[in-house]
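# Working through the structure, step by step
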Amino acid sequence: MTEYCKRGYLLVSEIGEKPSEERLRQKKVAFIECPQEIPCNACVHSCKFDAVLMDNINAPPKMDYDACTGCMRCIRVCPGLAIFMLEIKDDMGRVTMPYEFLPVPEKGETVKLLNREGKEVGEGTVTWVLPPERNEGTALVTVEMNKDLIYEVRAFRVV
Amino acid sequence: MVRLERHPILEFKKGKRVTIYFDGRPVEAYEGETVAAALYASGLRIFSRSFRFHRPRGFFCAIGKCSSCMMEVDGIPNVRTCKVYVRDGMQIRSQNSFPNVNTDFYEIFDRLDSLFPHGFHYKKFIKPSFMRPFFVNSLRKFTGLGNFPKEELGEEAYKKEIECDIAIIGAGPAGLSAAIYAGELGADICLIDENPRVGGQLIKQTHRFFGSAEHGAGTRGIKIAEQLEEEIKRYENVNLMLRTGVFGIYNGVVGAVRDNTLLKIKPKKIIIATGAYERTLIFENNDLPGVYGAGGVQTLMNVYGVRPGDTGLVVGSGNVGLILTYQLLQAGVNVAAIIEAMPVIGGYFVHAAKVRRLGVPIYTRHTIKRAYGSKTVEGAQIIALDDKWQEIPGSGRDIECDFICISVGLSPTHELLYQAGCEMKFVPNLGGFVPVRDKYMETTKKGIYVAGDVAGIEEASTAMIEGRISGLDSAIKLGYGDEKAKEMREKMVMELEDMRSGPFGIRILEGLKHVVV
Ligand SMILES: Cc1cc2nc3c(=O)[nH]c(=O)nc-3n(C[C@H](O)[C@H](O)[C@H](O)COP(=O)(O)OP(=O)(O)OC[C@H]3O[C@@H](n4cnc5c(N)ncnc54)[C@H](O)[C@@H]3O)c2cc1C
Ligand code: SF4
Ligand code: SF4
Ligand code: FES
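Here we take up the site of ligand 1. All names here are of chain B. The full set close to ligand 1 counts 30 residues, and D193, Q201, V246, D453 and A460 are the nearest of them. V246 has a polar backbone atom sitting 2.9 Å from a nitrogen atom of ligand 1. Contact distances for ligand 1 include 2.9 Å between a nitrogen atom and a backbone N or O atom of A460. Here ligand 1, which alone exposes 1,000 Å², has 94% of that area covered by the protein. Elements that contribute at least two residues to the shell around ligand 1 include exactly helix 3 (173–184), strand 11 (244–250), helix 6 (319–330) and helix 9 (460–477). Classifying every residue of the shell around ligand 1 gives eleven nonpolar, 14 polar and five charged.

Moving on: the pattern of salt bridges. Residues and elements named next belong to chain B. Scanning the model with the defined rule gives 39 salt bridges over all chains in all. Note that E229 and K233 form a salt bridge whose closest N and O atoms lie 3.2 Å from each other. Of this pair, E229 and K233 both sit in helix 4 (residues 221–233), separated by four residues, roughly a single helical turn. What makes K233 exposed here is its relative accessible area of 59%. Residue K477 pairs with D473 through a salt bridge whose shortest N-O separation is 2.8 Å. With K477 and D473 both in helix 9, this residue pair falls four residues apart, about one helical turn. Residue D473 is classed as buried on the basis of its relative accessible area, which comes to 0%. Because the salt bridges share partners, they merge into one network encompassing K439, E442, D473, K477, R489 and E490.

Our focus in this paragraph is the domain arrangement of chain B. Residues and elements named next belong to chain B. Along its sequence, chain B is organised into domain 1 (17–140), domain 2 (158–277 + 411–515) and domain 3 (280–408). The partner domain 2 presents seven residues to the four residues of domain 1 that form the contact. Both sides of the domain 1 and domain 2 interface together cover about 480 Å² of buried area, and 49% of this is carbon and sulfur. Three residues, K65, K83 and Y85, lead the burial of domain 1 against domain 2; their summed loss comes to 80% of the area buried on that side. Run the count over domain 1 and domain 2 and you get one salt bridge. Among the ionic pairs, K83 bridges to E194, the shortest N-O distance being 3.8 Å. Run the count over domain 1 and domain 2 and you get one residue pair in polar contact (both at pLDDT 80 or more). Among the residues forming the side of domain 1 that touches domain 2, the class breakdown is two nonpolar, no polar and two charged.

Attention now goes to the sheet that holds strand 16 (residues 311–315) of chain B. Residue and element names in this part refer to chain B. With parallel pairing, five strands are arranged side by side in an open sheet as 15-22-16-17-18. The open sheet has two free edges, formed respectively by strand 15 (291–293) and strand 18 (362–364), since each of these has just one partner strand. Strand-to-strand twist in this sheet, taken as the mean axis angle between neighbours without regard to direction, amounts to 20°. Relative to strand 22 (residues 403–406), strand 16 is paired through four bridges, and the arrangement is parallel. Residue V314 lies in a different strand from strand 22, and its bridge partner there is C405.

On the surface, a cluster of positive charge is made up of A:K48, A:R73, A:R76 and A:R134. Structurally, A:K48 can be placed in the loop between helix 3 (42–46) and strand 2 (52–53).

Here we take up the domain arrangement of chain A. All names here are of chain A. According to the domain assignment, chain A contains domain 1 (19–87) and domain 2 (90–159). With 15 residues of domain 1 at the interface, the matching set in domain 2 holds 19 residues. For domain 1, the biggest contributors to the area lost against domain 2 are R76, F84 and E87; these three give 36% of the whole. Counting every contact that joins domain 1 to domain 2 gives three salt bridges. Ionic pairing is found between R25 and D91, a salt bridge with its closest N-O pair at 3.0 Å. If you look at where domain 1 meets domain 2, you find seven residue pairs in polar contact (both at pLDDT 80 or more). If one sorts the elements of the side of domain 1 that touches domain 2 by residue count, strand 4 (residues 83–89) sits on top with five residues.

What follows concerns the site of ligand 2. Close contacts around ligand 2 come from 14 residues, with A:C47, A:C68, A:C71, A:M72 and A:C74 the closest. Here the residues of the shell around ligand 2 sort into eleven nonpolar, two polar and one charged.

All right, on to a nonpolar patch on the surface then. All names here are of chain B. Together, F247, Y250, V257 and L262 make up an exposed nonpolar region whose accessible area comes to about 360 Å². On the secondary structure map, Y250 appears in strand 11. Assessed through its relative accessible area of 43%, Y250 is described here as partly exposed.

Here we come to the environment of A:G8. Mapped onto the elements, A:G8 comes out in the loop between helix 1 (4–7) and helix 2 (21–26). Apart from the residues lying within four places of it in its own chain, the contact partners of A:G8 are B:I345, B:F349, B:A352, B:A353 and B:R356.

Residue and element names in this part refer to chain B. Across the sheet, which stays open at both edges, the five strands sit in the order 2-1-7-5-6 with mixed pairing between neighbours. Both outer strands of the open sheet, strand 2 (25–30) and strand 6 (76–80), are each paired with one neighbouring strand and no more. Between one strand and the next, the sheet's axes are offset by a mean angle of 40°, whatever the strand orientation. Here six bridges tie strand 1 (residues 17–22) to strand 2, and the two strands are oriented antiparallel to one another. If you follow F22 over to strand 2, its bridge partner there is R25.

The terminal C-alpha atoms of helix 4 of chain B, which comprises 13 residues, lie 19 Å apart, in line with the 18 Å expected from a rise of 1.5 Å per residue. For helix 4 of chain B, the secondary structure elements touched by its buried residues are helix 3, strand 9 (189–192), strand 10 (238–241) and helix 9 of chain B.

Moving on, we come to the interface of chain B and chain A. Listed by partner, the interface residues are 39 residues for chain B and 43 residues for chain A. Roughly 3,400 Å² is buried in total at the junction of chain B and chain A, and carbon and sulfur atoms are behind 60% of that figure. It is B:R208, B:F349 and B:R357 that lose the most area in chain B upon contact with chain A, and together they represent 25% of the buried surface on that side. Run the count over chain B and chain A and you get one salt bridge. Across the pair A:E100 and B:R220 runs a salt bridge whose closest N-O atoms are separated by 3.0 Å. The interface formed by chain B and chain A includes 18 residue pairs in polar contact (both at pLDDT 80 or more). Mapped onto the side of chain B that touches chain A, the elements with two or more residues apiece are helix 6, helix 7 (349–356), helix 10 (483–499) and helix 11 (503–512) of chain B. If one sorts the elements of the side of chain B that touches chain A by residue count, helix 7 of chain B sits on top with six residues. Each residue belonging to the side of chain B that touches chain A can be placed in one class, and the counts come to 20 nonpolar, ten polar and nine charged.

Each value, and the rule that gives it
Residues numbered from 1 in each chain as written. Chains lettered and ligands numbered in written order. Predicted model: local features only at pLDDT ≥ 70, side-chain atom pairs only at ≥ 80, totals over all residues. Heavy atoms only, no water. Near = heavy atom within 4 Å. Polar contact = N/O pair within 3.5 Å; in protein donor to acceptor, adjacent residues only side chain to side chain. Areas by Shrake-Rupley, 256 points an atom, 1.4 Å probe, with all protein chains shown as cover. Helix = DSSP H or I, 4+ residues; strand = E, 2+ residues; numbered from the N terminus. Nonpolar A, V, L, I, M, F, W, Y, C, P; charged D, E, K, R; others polar. Salt bridge = Lys/Arg side-chain N within 4 Å of Asp/Glu carboxyl O. Buried < 20%, exposed > 50% of the residue type's maximum accessible area, 1.4 Å probe, protein only. Domains from an automatic or database assignment. Contact = heavy atoms within 4.5 Å. Buried area = accessible area lost by both parts, 1.4 Å probe. Pairing = 2+ DSSP bridges. Axes fitted to C-alpha atoms, helices over the stretch in contact; angles between N-to-C directions. Patch = residues over 30% accessible without salt bridge, like charges linked within 9 Å, V, L, I, M, F, W, Y side chains within 5 Å. Lys, Arg positive; Asp, Glu negative; His and termini not counted. Charge placed at Lys NZ, Arg CZ, Asp CG, Glu CD. Expected span 1.5 Å × (residues − 1).

Here it is as structure tokens:
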């Protein structure tokens, strides 16, 4: 069994192929952290641009970063909350995360950034929020942060 | 606050405010909730006392399967309070305790254990013989659960016979799917469930479901239940019978009870889709109030909007344990840790990742040794296990928590299958005793089908497909449907194979080898 199944989180060395920095600077791109073979294909069906690829329902999804338009359909439906939107804008990193807790932060608010282990790794500023009522209870929150953190931060805490 | 006022996913529509009385004391309650939920919300933790040693017991399952919540309700003894709904003025009394469940003098028996070994009444208190009647009468006061009703219950009782093509027992995802597919072909159906609402396990699942996009993946369990409910209501040939409990199948006749009516249902085919119940685990003080089934906590929290406590410990890292942890966090409850005896996390990695990134530790190769507390859980001791599943000396450590959730697996609710005479086999990979059946889900007892968790513990997605297969096949065999229906049936069989083709399906496929003929 793979180590991540003992830990419950991925190490940065395990997250697989990343989009190029050039791509990240163009517009946001979906980044999937779903390495295990499970019977799920919601992401594939949600994508209208064939950017998520999968051999069969049990295979882990793969991304075609060039095909991804950043439309965010997949992140809205993924039951594993395993999809994140990444972007570099004005030399700052931006991570969009699904969020199903209260209170929902507001644009401009400062939040504590958490890594895959739940450890605090800094602070960020909320730049965009899709309110939960517009997505069946799952809010989407974009947080701006140091661009070196976009492969670390996977959750945040409202302070 | 014990009652949840706000929740990120759920909206709790409280019913009309009513007052119930517990041991004479008024308790605030809301229509639509169970007596157990209302009492828990009022702060009650001890629901009953154990039969012999009068140890305190809380609720465990919250779905009427464990009997640790029994009380006297309006004069009737031994009522499972997690299955009765509040009514204004209801009188509830605790049983088997003196003066009440919270402070029970008979608790002393738990300490005097050595004086009253098992079977002591054959040896002690039998001489002199003229004193026996006195001894017997006195001892009897300490035996049995509950008191006989003081007055005759003056209610009328009725009897009713119903005929139909297919009787479906259980309206969870499996039973609902069976009813929809057989109903579509035109069969006349009785869909029976003891709950006041359809959906089975789905009604407490606030998370988005996995599975294939065609079968609602990405949709929340509660939503899937609503969709199935809407669909079922479109079929006039489906007779939905809620609050109706099936107690037996006698030569193909289904015996059931609804309120004061005994129902004799005479179907041509029967589909058993009764789901599963939770297992428990052996450790010191595992009967202490505060040790709850994971599903019981979900019911309390997600169906009735009542917080189970402040900090929980979750035992078992299967999907149920992982999802429950996430749901506890959503309700604003802390989770101290998830522990898992196996060397790896049992559930899906993505579910584990969701709670890890919120800071909940998962300790693999750990188990619970004891719960601390005198009347309710005040903490727990966990230990590390070595490769041979033995305790590593000195590894014990204390966890601060005020409740413990046991999520170590489910067992099929198979009693009706046994009683009906279906051939059963013990298959650990499928969760316990499961019936032998063919690929269309028909058991060895012709005309009796199974579907869903009762056929082997799996998932809602597979339960739904099994339901469809059993619904289609039973209707086809009754002469409904054409070639298209048969094609559909084959398609569903293929789809089921597809779902099970991944690594999580291997265990199931291994198990099925023993029971599919
Ligand atoms: C925490 C948790 C998370 C889950 N997450 C997922 C997931 O993400 N994806 C997924 O696919 N699955 C998931 N599942 C599994 C899924 O909920 C079950 O596999 C599914 O509900 C089984 O359906 P069923 O119809 O067989 O049984 P149930 O849903 O258990 O329904 C059985 C019904 O039968 C009724 N019944 C039983 N006995 C009688 C009787 N004698 N008389 C009358 N009625 C009776 C009961 O009241 C109940 O309504 C999860 C389960 C849990 C507990
Ligand atoms: S963001 Fe849009 S285009 Fe990109 S993978 Fe997701 S659904 Fe496809
Ligand atoms: S929808 Fe999410 S959980 Fe399902 S396969 Fe895609 S990334 Fe994984
Ligand atoms: S029967 Fe009521 S809690 Fe189990």
